[in-house]
Amino acid sequence: MTDKPRTFPLSLDSLAGKPARQGGGQSLAQSRIATPQTATQNAAQSAARGGAPHHGAVPIAPSRAQAIANERAQPATASPPRQNPLVSDAVRRAMVARIAKQGVKDPVVLDAMQAVPRHMFMDEALASQAYIDASLPIGHHQTISQPYIVARMIEVMRQGGSLQRVLEIGTGCGYQAAVLSLVAKEVYSIERIRPLHELAKANLRPLRVSNLRLQYGDGMLGLPQAAPFDGIILAAAGLEVPQALLEQLAPGGRLVAPVGAKLQHLQLITRVGKMEWTSQTLEDCHFVPLRPGTI
Ligand code: SAH
């Protein structure tokens, strides 16, 4: 199996070949502290976006990578936030360079972070802040995750290997799902707040991501009809990881989740046997809460 996703869009010349600043292997025990997300403050400023009107699956297209590349290549035809130099390609490169400096080494993940236009997942009023390393409000008291933590979680889940089928709990605006679509062959993402599920569909539509399925529902139950998954990422923090998700991991599969209430840490759980899982505690983090049911 190759290390690179099949249709990866960009040769990220500058970053992919960049030597990692921090030497040594990919120590999962390395105790980095993620910049705390600022969900609470940000929520206060939130200009809630209306739900997108359309239903149905994210459109199928020949190449999501091409759509993403087109978006990058044709700023003149884009909407105002895309023309803004504050959301330009160079700004995104700077964001990726910062993430690399913070310790994310996996070139596949860094390439994916470079390829996805984060500003397209945010309210236009906030688009100029799209590439700062912070979580930002997306409405409904939820946030788009901090870029560093998105990259870090995917790196931990990938561990340098290729991913076939991945599940994300907490689609939000769809940003991390778009990044995941570039590192895994098939991606499923569940959101419990219907207007956010609709928002993610609307955000993803212009990118024409063909290997991503968005699901409205309670992610604590997982997605048994698509299981098993060789990777699961939770974008919201529970006091523990729901048992259903552990059971939907494929043998050898890895789940990365924030765990805790006020004090949270990232947890990596690996399924090592039919009824056996191992767990590692990684860095501190701050996520919105994982909640049951749908609204
Ligand atoms: N993945 C997003 C982060 C969204 S914030 C990004 O790309 O930035 C976390 C999301 O998890 C919120 O939208 C919240 O509604 C959702 N969430 C919380 N509990 C959930 C559950 N049980 N099932 C599905 N989504 C859930």
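Residues numbered from 1 in each chain as written. Predicted model: local features only at pLDDT ≥ 70, side-chain atom pairs only at ≥ 80, totals over all residues. Heavy atoms only, no water.

**Student:** For helix α7 (residues 147-158), give the residues involved together with the corresponding values.
**Tutor:** In a regular helix each residue adds 1.5 Å, so 12 residues correspond to 16 Å; α7 covers 17 Å between its end C-alpha atoms and thus fits that length. Most of α7 sits inside the fold, with 12 of its 12 residues counted as buried. Of the residues making up α7, those classed as buried are P147, Y148, I149, V150, A151, R152, M153, I154, E155, V156, M157 and R158. Downstream of α7 by one or two residues, Q159 has phi in the positive range, about 45°. (Helix = DSSP H or I, 4+ residues; strand = E, 2+ residues; numbered from the N terminus. Expected span 1.5 Å × (residues − 1). Buried < 20%, exposed > 50% of the residue type's maximum accessible area, 1.4 Å probe, protein only.)

**Student:** Pulling in residues and values, what's your account of the site of the ligand?
**Tutor:** In the vicinity of the ligand there are 26 residues, among which S145, Q176, E191, G219 and R291 approach most closely. In this structure, an oxygen atom belonging to the ligand sits 2.7 Å away from a main-chain N or O atom of S145. When the ligand is considered free in solution it has 580 Å² of accessible area, and contact with the protein chains removes 99% of it. Here the shell around the ligand gets 3 residues from one element, more than from any other, and that element is strand β2 (residues 142-144). (Near = heavy atom within 4 Å. Polar contact = N/O pair within 3.5 Å; in protein donor to acceptor, adjacent residues only side chain to side chain. Areas by Shrake-Rupley, 256 points an atom, 1.4 Å probe, with all protein chains shown as cover.)

**Student:** I'd love a proper account of the environment of N203, names of residues and values included.
**Tutor:** On the secondary structure map, N203 appears in helix α9 (residues 194-204). Between the C-alpha atoms of N203 and M120, which are 83 residues apart in sequence, the distance is 6.6 Å.

**Student:** Would you mind going over empty space enclosed by the protein in detail, with residue names and values included?
**Tutor:** With the rule as written, the count across this model stands at 2 cavities of 30 Å³ or more. A volume near 350 Å³ is recorded for the largest cavity. Around the largest cavity sit 30 residues that line it, and G170, G172, E191, A235 and A236 are the ones nearest its centre. When residues of the lining of the largest cavity are traced back to their parent elements, those giving at least two are β2, β3 (163-169), α8 (175-181) and β4 (184-191). It is β2 that provides the largest number of residues to the lining of the largest cavity, a total of 3 residues. By residue class, the composition of the lining of the largest cavity is 14 nonpolar, 11 polar and 5 charged. (1 Å grid on protein atoms, 1.4 Å probe; cavity = no way out; pocket = protein on both sides within 12 Å on 5 of 7 lines; lining within 4 Å. Points joined across faces, edges and corners; volume = space filled by probe spheres on them. Nonpolar A, V, L, I, M, F, W, Y, C, P; charged D, E, K, R; others polar.)

Function cannot be inferred from these measures alone, as they are strictly geometric.
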